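# Coordinate inspection notes
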Amino acid sequence: MAKIIVVTSGKGGVGKTTSAAAIATGLALRGNKTVVIDFDVGLRNLDLIMGCERRVVYDLVNVIQGEAGLKQAMIRDKRSENLHILPASQTRDKDALTLEGVEKVLMDLSEEFDYIICDSPAGIERGAQLALYFADEAVVVTNPEVSSVRDSDRILGLLSSKSRRAEQNRDPIKEHLLVTRYNPNRVDDGDMLNLEDIREILAIDLVGLIPESEAVLRASNQGVPVIHDDKSDAGQAYADTVSRLMGEDVPLRFQSVQKRGLIARMFGGGGRR
Amino acid sequence: MRLLDFLKGERKKSASVAKERLQIIVAHQRGHRGQPDYMPMLEQELLEVIRRYVKVDQDAINISLDSDNDCSVLELNVTLPNEGETVKG
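Just so it is clear, the structure is predicted and the values come from calculations on it, not from any experiment. (Residues numbered from 1 in each chain as written. Chains lettered and ligands numbered in written order. Predicted model: local features only at pLDDT ≥ 70, side-chain atom pairs only at ≥ 80, totals over all residues. Heavy atoms only, no water.)

### Some details on the state of the cysteines
- Counted under the stated rule, the structure contains 0 disulfides over all chains.
- Here A:Cys118 is not disulfide-linked; the sulfur of A:Cys52 is the nearest cysteine sulfur, at 16 Å. (Disulfide = S-S within 2.5 Å.)

Right, dumping it as structure tokens:
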């Protein structure tokens, strides 16, 4: 049985797809058979972040509607043979996803894979609810910013009431906080919520802290999940996150301002890597 | 005053303002967690009915639903203004 992990946030633009791509890739690099599913019907983007946009033939909606098999729709990742991508469709029909259809796809995938990562759309509408409904664990992606924190709290409400685990009175979904775009300099200046504040307000366990990093845009430009950039701060922070998801105890990094040496400052060019 | 605060280095940092605002709004959201979907409408309509008779503010009304094992209690608290401030004398 695969473990189903939803990457969700409520608010858009906080780094859900970046995180889903990095986490799925990291799990696969660690030897787990992993599939990552884009639930953002109508606005698919995971394929771009994963660098497989030109290889999309069939998608999740085709599978649910019986127009293609899972094997036809899944794209094998170029860099890791353990990793598959199931893209979302570009159709605008919001009702294309059904609860029964999603359940069938997840059950079929569950037999073959160790991890199923569900990349949720923004919002709290149907697509987001379907993405989290069957989850065993949730990664709640949050920026250190008021609207993102509030929306994350709304999502926590949904996770605890509108999921299959909640409705069947089973153990609740395991909730993990992933703070992204964290800028220790601004935290030091008192102009950004610090990690402790966010943890205290949302009251869930931290699984990772991703610093604001130039590596993230560089990675999405190239269609290579940022976790492959193992020299970058963001890449390393995602690798730590994956270790924690796999149950390892890894010390937290990138929480405070990184001091750069004089030489690095003179010749380092465009900021931290 | 702002200048004085600035000179004394006591300007309130924006992050702590954010934290206070979030604590309030999140506590409010959690109070509504798990309640039936009709609650906001019910609250709004009850407020309208009460306002037909008494002048009350939006925040003067407090409604909550508590569930025990076999029964639910809908609790409604309205802070009434001083006498004489009714809408229809």
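Once the structure has been displayed, the description carries forward.
### A closer look at a negative patch on the surface
- Together, B:Asp66, B:Asp68, B:Asp70 and B:Glu75 give the surface a local cluster of negative charge.
- Assignment of secondary structure puts B:Asp68 in the loop between strand S1 (61–67) and strand S2 (72–78). (Patch = residues over 30% accessible without salt bridge, like charges linked within 9 Å, V, L, I, M, F, W, Y side chains within 5 Å. Areas by Shrake-Rupley, 256 points an atom, 1.4 Å probe, with all protein chains shown as cover. Salt bridge = Lys/Arg side-chain N within 4 Å of Asp/Glu carboxyl O. Lys, Arg positive; Asp, Glu negative; His and termini not counted. Charge placed at Lys NZ, Arg CZ, Asp CG, Glu CD. Helix = DSSP H or I, 4+ residues; strand = E, 2+ residues; numbered from the N terminus.)

### A closer look at the UniProt feature "binding site: ATP" (unreviewed entry) in chain A
All names here are of chain A.
- Within the UniProt annotation, "binding site: ATP" (unreviewed entry) is assigned to Lys11, Gly12, Gly13, Val14, Gly15, Lys16, Thr17 and Thr18. When the annotated set is filtered for residues lining the largest cavity, what remains is Thr18.
- With respect to the helices and strands, the residue Gly13 is situated in the loop between strand S1 (3–8) and helix H1 (16–29).
- Those residues within four positions of Gly13 in sequence are excluded, and the remaining contacts are Asn143 and Arg181.
- As for its placement among the helices and strands, Gly15 is situated in the loop between S1 and H1.
- Ignoring any residue separated from it by four or fewer positions in sequence, one finds Gly15 in contact with Val141 and Tyr238. (UniProt positions renumbered as here; feature names shortened; annotations may be inferred. 1 Å grid on protein atoms, 1.4 Å probe; cavity = no way out; pocket = protein on both sides within 12 Å on 5 of 7 lines; lining within 4 Å. Contact = heavy atoms within 4.5 Å.)

### Topic: the interface of chain A and chain B
- Taken residue by residue, the interface counts 19 residues in chain A and 13 residues in chain B.
- Both sides of the chain A and chain B interface together cover about 1400 Å² of buried area, and 52% of this is carbon and sulfur.
- For chain A, the biggest contributors to the area lost against chain B are A:Arg150, A:Asp153 and A:Ile201; these three give 35% of the whole.
- There are 3 salt bridges connecting chain A and chain B.
- With a shortest N-O distance of 3.2 Å, A:Asp197 and B:Lys19 are connected by a salt bridge.
- Counting every contact that joins chain A to chain B gives 10 residue pairs in polar contact (both at pLDDT 80 or more).
- Within the residue set of the side of chain A that touches chain B, elements represented by two or more residues are helix H7 (146–161) and helix H10 (195–202) of chain A. (Buried area = accessible area lost by both parts, 1.4 Å probe. Polar contact = N/O pair within 3.5 Å; in protein donor to acceptor, adjacent residues only side chain to side chain.)

### A few points about the packing of aromatic side chains
Residues and elements named next belong to chain A.
- Counted under the stated rule, the structure contains 1 aromatic pair over all chains.
- For the ring pair Tyr133 and Phe134, a centre distance of 4.9 Å and an interplane angle of 85° mean the geometry is edge-to-face.
- Tyr133 gets classed as buried once you look at its relative accessible area, which sits at 13%.
- The ring of Phe113 carries the charged tip of Lys33 above its face, separated from the ring centre by 5.1 Å. (Phe/Tyr/Trp six-rings, centres within 6.5 Å; stacked < 30°, edge-to-face > 60°. Buried < 20%, exposed > 50% of the residue type's maximum accessible area, 1.4 Å probe, protein only. Lys NZ or Arg CZ within 6 Å of the ring centre and 35° of its normal.)

### Quick notes on the environment of A:Asn45
All names here are of chain A.
- By the element assignment, Asn45 lies in the loop between strand S2 (34–38) and helix H2 (46–50).
- Residues Asn45 and Ala88, 43 residues apart in the sequence, show an inter-C-alpha distance of 8.2 Å.
- Setting aside residues up to four positions removed in sequence, Asn45 forms contacts with Thr17 and Asp38.

### Comments concerning the nonpolar core
Residue and element names in this part refer to chain A.
- Membership of the largest hydrophobic core comes to 53 residues, with the highest contact counts inside it found for Ile37, Leu86, Leu109, Ile116 and Leu159.
- Examining the composition of this core, we find that 5 residues originate from one element, H7, more than from any other.
- When residues no more than four places from it in sequence are discounted, the contact partners of Leu159 are Val6, Leu132, Ala138, Val140, Ala166, Ile173 and Glu175.
- Residues Ile5, Val36, Ile227 and Ala237 belong to the second largest nonpolar core, which totals 36 residues. (Core = buried A, V, L, I, M, F, W, Y, C linked by side-chain atoms within 4.5 Å.)

### Structural notes on the pairing of strand S8 (residues 205–211) of chain A
All names here are of chain A.
- S8 sits mainly inside the fold: 6 of its 7 residues count as buried.
- Here strand S7 (residues 174–182) pairs with S8 via 5 bridges, running parallel. The residue of S8 that forms the bridge with His176 is Asp205. (Pairing = 2+ DSSP bridges.)

### So, the side chain of A:Ser120
- Along the chain, the position of A:Ser120 falls in the loop between strand S5 (115–119) and helix H6 (126–133).
- Ignoring any residue separated from it by four or fewer positions in sequence, one finds A:Ser120 in contact with A:Val6, A:Val7, A:Thr8, A:Lys16, A:Phe39, A:Ala128 and A:Ala131.

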